[in-house]
Amino acid sequence: MLNIPAKFTAFRIHKNDKTITSGFEEICLDDLTAGEVVIKVAYSDINYKDALAATGKGRILRTYPLVGGIDLSGVVVSSEDSRFQTGDKVLVCGAQLSELYDGGYSEYARVKADSIVNLPDGMSLRDVMALGTAGYTAALAIQRMEDNGQIPERGPIVVTGATGGVGSFAINMLSNIGYEVIAFTGKKAQEPYLKALGASQLINRHDIEMGTKPLENAQWGGAIDNVGGDTLAWLTRTTNVWGNIASIGLAGGFKLESTVMPFILRGVSLLGINSVEMPLSVRAQGWKRLASDLKPTKLDLISPTTIKFADLPQSFDAYVEGTVTGRTVVEIDASLD
């Protein structure tokens, strides 16, 4: 075991009655939720869920108080599990961090061994946080679509919520492996960014007449949807025969009003993507692909911003307001990389 200080800094979220408060605190190891492995954290990142949790704008945490941050990378300093040794470089993404367990916004984290993935060959601790849950979720969506028979020859893939983290990674990954990709967005000004990622064209969501027929004109080979609601319902009506739709987000609403017609007449498949609860073997395979054929070629474009740990609190509002393009890495101890 390496020396762990008696006190260290963490960004913690509390609930007092119905009021959510958050900020930096000095805590000790015993303050953290239980786990077999202690990690000295090098980097974390900011996801939409992190911003909702920290600001109290969304019901993310299931218990309080908790350290925020659903992702982390760093170096093992103590392990009660034989799979991980002191000095191992590792990452944890999702795995109910900052929901049920203390997360990555801390100089030290204590996590369950089954949630840990060894750092993939050829990737740095910063790289994996530039990807984070967003990159992993995009890879998982593509993997599930491929497992269900998706191929480029069936037509273009439309990606909604295209300027977000998952959308941006999905566009770049799909383009790199031979798919034509169409970006669906309300941010017309981001056209140069989306085309640089690999989108062949943009659809402005404000210009779309979605219609009300059980089946509309089939336009796509498949879709990765970060929006939900009416947009997802429209995708079911406009996806071509044997196409797959990966459902990831609900920024546009959690209700889905559809009919069985797309599923029984066109054979469309709706695939739910949950990047949190899954076997370690599936998680590890996804990261292996992220280091190989699904490795983004535009990582610096998608994750251009690195902030210091001290600057974290003032960075959340822009995510809640939807004014952020690309991803932000949080630097906690870059010397570990």
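Since the model is a prediction, treat every value here as computed from it, not as a measurement. Residue numbers run consecutively from 1 along every chain, following the written order of its sequence. Confidence filtering applies because this is a predicted model: local features only for residues at pLDDT of at least 70, side-chain atom pairs given and counted only at 80 or more, and all residues used for totals across whole chains, interfaces and linings. Remark: hydrogens and water are excluded; side-chain values derive from all non-hydrogen atoms of the structure.

Remarks on helix α2 (residues 125-147)
Filter applied, for reference: Secondary structure elements follow DSSP: runs of H or I of four or more residues count as helices, runs of E of two or more count as strands, with numbering from the N terminus. Here the expected span of a helix is defined as 1.5 Å times the quantity of residues minus one. Bend angle per residue: angle between axes fitted to the 7 residues ending at that residue and the 7 residues starting there. A simple rule labels every residue: compare its accessible area, found with a 1.4 Å probe on the protein chains alone, to the largest value its type can have, and call it buried under 20%, exposed over 50%, or partly exposed in between.
With 23 residues, α2 should cover 33 Å at 1.5 Å per step; its first-to-last C-alpha distance of 29 Å lies more than 12% under that length. The largest bend in α2 comes to about 70°, at G132. Across the 23 residues of α2, 19 count as buried, placing the element largely inside the fold. Downstream of α2 by one or two residues, G149 has phi in the positive range, about 95°.

What about the pattern of salt bridges?
Oppositely charged side chains can form a pair if their charged atoms are brought close together. Using the following cut-off: Salt bridge, as applied in this entry: a Lys or Arg side-chain nitrogen positioned within 4 Å of an Asp or Glu carboxyl oxygen.
For the structure shown, the criterion picks out 12 salt bridges. We note a salt bridge from D333 to K40, for which the minimum N-O separation is 3.4 Å. With D333 in the segment after β16 (328-331) and K40 in strand β3 (residues 37-46), this pair connects stretches of sequence that are 293 residues apart. Classification of D333 as buried rests on a relative accessible area of 18%. The partner of D293 in a salt bridge is R289, with the nearest N and O atoms 2.5 Å apart. With a relative accessible area of 13%, R289 lands in the buried category. Overlapping salt bridges bring together K49, R62 and E99 as one network.

A few points about a nonpolar patch on the surface
This is how it is decided: For patch building, the residue pool is restricted to those with more than 30% relative accessible area and no salt bridge; the joining distance is 9 Å between like charges and 5 Å between nonpolar side chains (Val, Leu, Ile, Met, Phe, Trp, Tyr). Surface exposure here means Shrake-Rupley accessible area, sampled with a 1.4 Å probe, where a residue is shielded only by the protein chains that are shown.
Taken together, the side chains of L256, V260, M261, F263, I264, L265 and L270 make up a nonpolar region of the molecular surface, amounting to roughly 600 Å² of accessible area. The element best represented in the nonpolar patch is helix α6 (residues 261-265), accounting for 4 residues. Tracing the backbone through its elements, the reader meets L265 in helix α6. According to the relative accessible area criterion, L265 is exposed, its value standing at 53%.

As for the environment of Q143
Quick reminder of the rule: Contacts: residue pairs with any heavy atoms within 4.5 Å of one another.
Tracing the backbone shows Q143 in helix α2. Using a relative accessible area of 13% as the deciding quantity, one classes Q143 as buried. Leaving out residues up to four positions away in the same chain, Q143 has contacts with Q285, G286 and R289.

Here we look at the nonpolar core
What counts is decided by this rule: In this description, a nonpolar core means a group of buried Ala, Val, Leu, Ile, Met, Phe, Trp, Tyr and Cys residues linked to one another through side-chain atoms lying within 4.5 Å.
Of all hydrophobic cores here, the largest spans 50 residues; its most connected members are F169, I171, M173, L174, L194, I224 and W287. Among the elements that line this core, the one with the most residues is α2, at 13 residues. Setting aside residues no more than four positions away along its own chain, W287 makes contact with L91, C93, V117, P120, V128, L131, G132 and Y136. Grouped together as the second largest cluster of nonpolar side chains are 41 residues, A10, V77, F84 and V111 included.

Quick notes on the environment of E331
By the secondary structure assignment, E331 is in strand β16. Sequence separation of E331 and I203 is 128 residues, and the distance between their C-alpha atoms is 35 Å. Ignoring anything within four residues of it in the chain, the contact list for E331 reads A42, Y43, T306, I307, K308 and F309.

A look at the packing of α2 against helix α3 (residues 165-176)
In a packed pair of helices, the relevant descriptors are the angle between the two axes and the axis-to-axis distance. The test is simple: Axes here mean lines fitted to C-alpha atoms, for a helix over just the part in contact, with angles spanning 0 to 180 degrees between N-to-C directions. Roughly parallel covers angles under 35 degrees, roughly antiparallel covers those over 145, roughly perpendicular covers 65 to 115, and oblique covers all other angles. Less than a right angle of anticlockwise turn of the near helix away from the far helix marks a crossing as left-handed, whereas a clockwise turn marks it as right-handed.
Packing of α2 against α3 brings their axes to within 8 Å, and their N-to-C directions diverge by 55°. By the angle between their axes, α2 is oblique relative to α3. Crossing angle aside, the handedness with which α2 passes α3 is right-handed. Contacts from A130, L131, A134, G135, T137, A138, A139 and I142 in α2 reach G165, V166, F169, A170, M173 and L174 in α3.

A look at the side chain of R283
As a reminder of what qualifies: Counting rule for charge: Lys and Arg are taken as positive, Asp and Glu as negative, and neither His nor the chain ends is counted.
Its location among the elements puts R283 in helix α7 (residues 280-290). For the buried R283, which has no salt bridge, the nearest side chain bearing the opposite charge is D71, at an N-O separation of 7.4 Å. Those residues in contact with R283 that sit more than four places away from it in its chain are C93, A95, S115, V117, Y136, S275, V276 and M278.

Spatial relationships are all this shows, so hold off on functional conclusions.
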